[in-house]
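# Results of the structural survey
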Amino acid sequence: QVQLVESGGGMVQPGGSLRLSCTASNIAFHSSAMDWYRQAPGQQRTLVARIFSDGETVYAGATKGRFSISRDNALNTVFLQMNDLRPEDTAVYYCSTTIGPQIHWGQGTQVTVSS
C-alpha cells in the first residue's frame, strides 16, 4: 500500500519560510515523479511543483521563484522549500504521485500565512 506522509506545515508571518517534507513508502521512489499540490478553502486543488525522477522541476506560475522542490532518493523524501510566503499561500499542501492510472495522495499539511 502506497503511503505518503507530509510534515512541516504550520503558521508563519508574511515573508517567512517553511520547509515541507513528504516521505513515501511502498513505491519505487527513485523512478517516480513527485508532486506538491495545494488547496485553499473553497478552491480546487492545484499543482504547486513537480520533480521528475531525473531531477527536472516544474513550477506553477504563482510560486515560481519563491518555492523550490527537491528530493532525496536515499530517504524516499521530497521537499518543498517555501520562501517569502504570502497570505494567499495559505492552504492545505498535499504530496502526490501517480502510479499507472492511480493518483496517490498524502493526508495533507496545513500552511497558514498570517500576521
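Right above here is the structure, for reference.
What you see is a predicted model; the values in this text were computed from it and never measured.

## Focus on the state of the cysteines
This model, assessed by the stated rule, comprises 1 disulfide. Two residues share a disulfide in this structure: Cys22 and Cys95, whose sulfurs sit 2.1 Å from each other. One quick way to see it: the torsion about the S-S bond of Cys22 and Cys95 is about -75 degrees, and its sign makes the bridge left-handed. Of this pair, Cys22 sits in strand S3 (residues 18-25) while Cys95 sits in strand S9 (residues 91-99); the two residues are 73 residues apart in sequence, bridging distant segments of the chain. With relative accessibility at 0%, the residue Cys95 sits in the buried group.

## Describing the sheet that holds S3
In any sheet, the strands associate via hydrogen bonds between backbone groups, in a parallel or an antiparallel arrangement. Strands sit in the order S1-S3-S8-S7 across an open sheet of 4 strands; the sheet is antiparallel. One side of each edge strand has no neighbouring strand; the edge strands of this open sheet are strand S1 (3-7) and strand S7 (67-72). Averaged over all pairs of adjacent strands, the angle between strand axes in this sheet comes to 15 degrees, irrespective of strand direction. Sheet analysis places S7 next to strand S8 (residues 77-82), joined by 6 bridges and oriented antiparallel. Within S8, the position partnered with Phe67 by the bridge is Met82.

## Focus on the pairing of strand S5 (residues 46-51)
Two elements, strand S4 (residues 34-39) and S5, share 5 bridges in a ladder whose sense is antiparallel. By the bridge assignment for S5, Trp36 is matched with Ala49. Count of turn residues in the S4/S5 antiparallel hairpin: 6 residues, of which Gly42 carries a positive phi of about 75 degrees. Sheet topology places S5 next to strand S6 (residues 57-59); 3 bridges connect them, and they run antiparallel. If you follow Ala49 over to S6, its bridge partner there is Tyr59. Linkage of S5 to S6, two consecutive antiparallel strands, is achieved through a turn of 5 residues, within which Gly55 is found at a positive phi near 95 degrees.

## Let's talk about the pattern of salt bridges
For side chains bearing opposite charge, pairing can occur when the charged atoms are close. One pass over the structure, following the stated rule, counts 4 salt bridges. With a shortest N-O distance of 2.6 Å, Arg50 and Asp35 are connected by a salt bridge. Of this pair, Arg50 sits in strand S5 while Asp35 sits in strand S4, and the two are 15 residues apart along the sequence. Given the relative accessible area of 26%, Arg50 is considered partly exposed. Between Asp89 and Arg66 there is a salt bridge, with its nearest N and O atoms 2.7 Å apart. Separated by 23 residues along the polypeptide, Asp89 in the loop between S8 and S9 and Arg66 in the loop between S6 and S7 bring together distant segments of the chain. In this structure Asp89 comes out as buried when scored by relative accessible area, which is 0%.

## What to know about unusual backbone geometry
Look at Asn76: it is not a glycine, yet its phi comes out positive at around 55 degrees. Relative to the assigned elements, Asn76 resides in the loop between S7 and S8. Not every positive phi belongs to a glycine, and Asp84 is a case in point at roughly 50 degrees. Mapped onto the secondary structure, Asp84 falls in the loop between S8 and S9.

Conventions and cut-offs
- In every chain, residue numbers begin from 1 and rise along the written sequence.
- Two thresholds apply to this predicted model, a pLDDT of at least 70 for residue-level local features and 80 or more for giving and counting side-chain atom pairs, whereas whole-chain, interface and lining totals are computed over all residues.
- In computing side-chain properties, one takes all heavy atoms of the structure into account and sets aside hydrogens as well as water.
- In this description, the term disulfide denotes a pair of cysteine sulfurs within 2.5 Å.
- Here a helix means four or more residues in a row that DSSP labels H or I, a strand means two or more in a row labelled E, and each is numbered from the N terminus.
- We call a residue buried when its accessible area falls under 20% of the maximum for its residue type, exposed when it is over 50%, and partly exposed in between, using a 1.4 Å probe and counting protein chains only.
- We treat two strands as partners when DSSP finds at least two bridges between them.
- Under this scheme, a helix contributes an axis fitted over its contacting stretch, all axes are lines through C-alpha atoms, and angles between N-to-C directions fall in the 0 to 180 degree range.
- For salt bridges, the criterion is a side-chain nitrogen of Lys or Arg within 4 Å of an Asp or Glu carboxyl oxygen.

Purely geometric numbers; function is a separate question.
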